[in-house]
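What the coordinates show
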Amino acid sequence: IKCQNFIFKYWAKIIQYLTEARSSQIKPAIGSSNSGGVSPPTPPTAIEYDEDGIPKDFWQKLEKIYKGHRDGEKNWKNEVGALHEIIKSIANNIKPKYTIYSPIQHGGVSVVIKVHNNELNVTRALKFPRPITERQDLFIDIVKSEIAHLMEVTHQNIIEIYDQGKITYNGKEHPYYIMKYIDG
């Protein structure tokens, strides 16, 4: 029930944002085709990759993102091992259609990374739940709920999901999804 209440509040905030965006005619930050567009992709050959298909500078960039947040040092130490395993599994799972580029951000629930669709030659964003042991089930449920709701809803201010999948880590299925990448 706690999870359902959290998810309900989460979606209520999204609906409130969309309503405010529509009524005030502000430029929405998520999903609108006229919200800045998609930046041109970087050619995959310009990035050096390790044996797991992850850019060599990926982990330093992700660490910097983590440490830029409150409790970042502690969170990085607690999550880095799991992040390595999860991201390596995702990289293996999305090959050859997608290639990992770089981390974008992490929030309270999830991590977002930039990926390249090799078939369409476009940049996308991939989102998966953060590996926080004591809240893992909740975070997995939230991301699963996001996927289910975003697959059902079509609106100019809601981001579109292009692909989804899951990997198994620590005996649990970890969902991820690939969506439009909006620079900025």
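Check the entry above for the structure.
None of the values given here were measured: they were computed from a predicted structure.

**As for the nonpolar core**
Among the nonpolar cores identified, the biggest contains 23 residues, and Leu-62, Leu-83, Ile-87, Ile-94, Ile-100, Leu-126 and Phe-128 are the most heavily contacted of them. At the level of elements, α2 (58–67), α3 (72–94), β1 (98–106), β2 (110–117), β3 (122–129) and β5 (172–180) are the ones that each hand at least two residues to this core. Of the residues forming this core, the biggest block, eight residues, is contributed by α3. If sequence neighbours within four positions are ignored, Phe-128 has contacts with Leu-83, Ile-86, Ile-87, Ile-90, Ser-110, Val-111, Val-143, Pro-175 and Tyr-176. The next biggest cluster of nonpolar side chains, apart from the first, holds 16 residues, and it includes Phe-139, Ile-142, Val-143 and Met-179.

**Quick word on α2**
Within α2 the residues assigned to the buried category are Phe-58, Trp-59, Leu-62, Ile-65 and Tyr-66. Each buried residue of α2 lies within a common arc of 120° when the element is viewed along its axis, so the set occupies one face. Structural note: α2 exposes Gln-60 and Lys-64 on the side pointing more than 90 degrees away from its buried face. Next to the buried residues of α2 lie α3, β1 and β2.

The rules behind the values
Residues numbered from 1 in each chain as written. Predicted model: local features only at pLDDT ≥ 70, side-chain atom pairs only at ≥ 80, totals over all residues. Heavy atoms only, no water. Core = buried A, V, L, I, M, F, W, Y, C linked by side-chain atoms within 4.5 Å. Buried < 20%, exposed > 50% of the residue type's maximum accessible area, 1.4 Å probe, protein only. Helix = DSSP H or I, 4+ residues; strand = E, 2+ residues; numbered from the N terminus. Contact = heavy atoms within 4.5 Å. Arc of directions from axis to C-beta.

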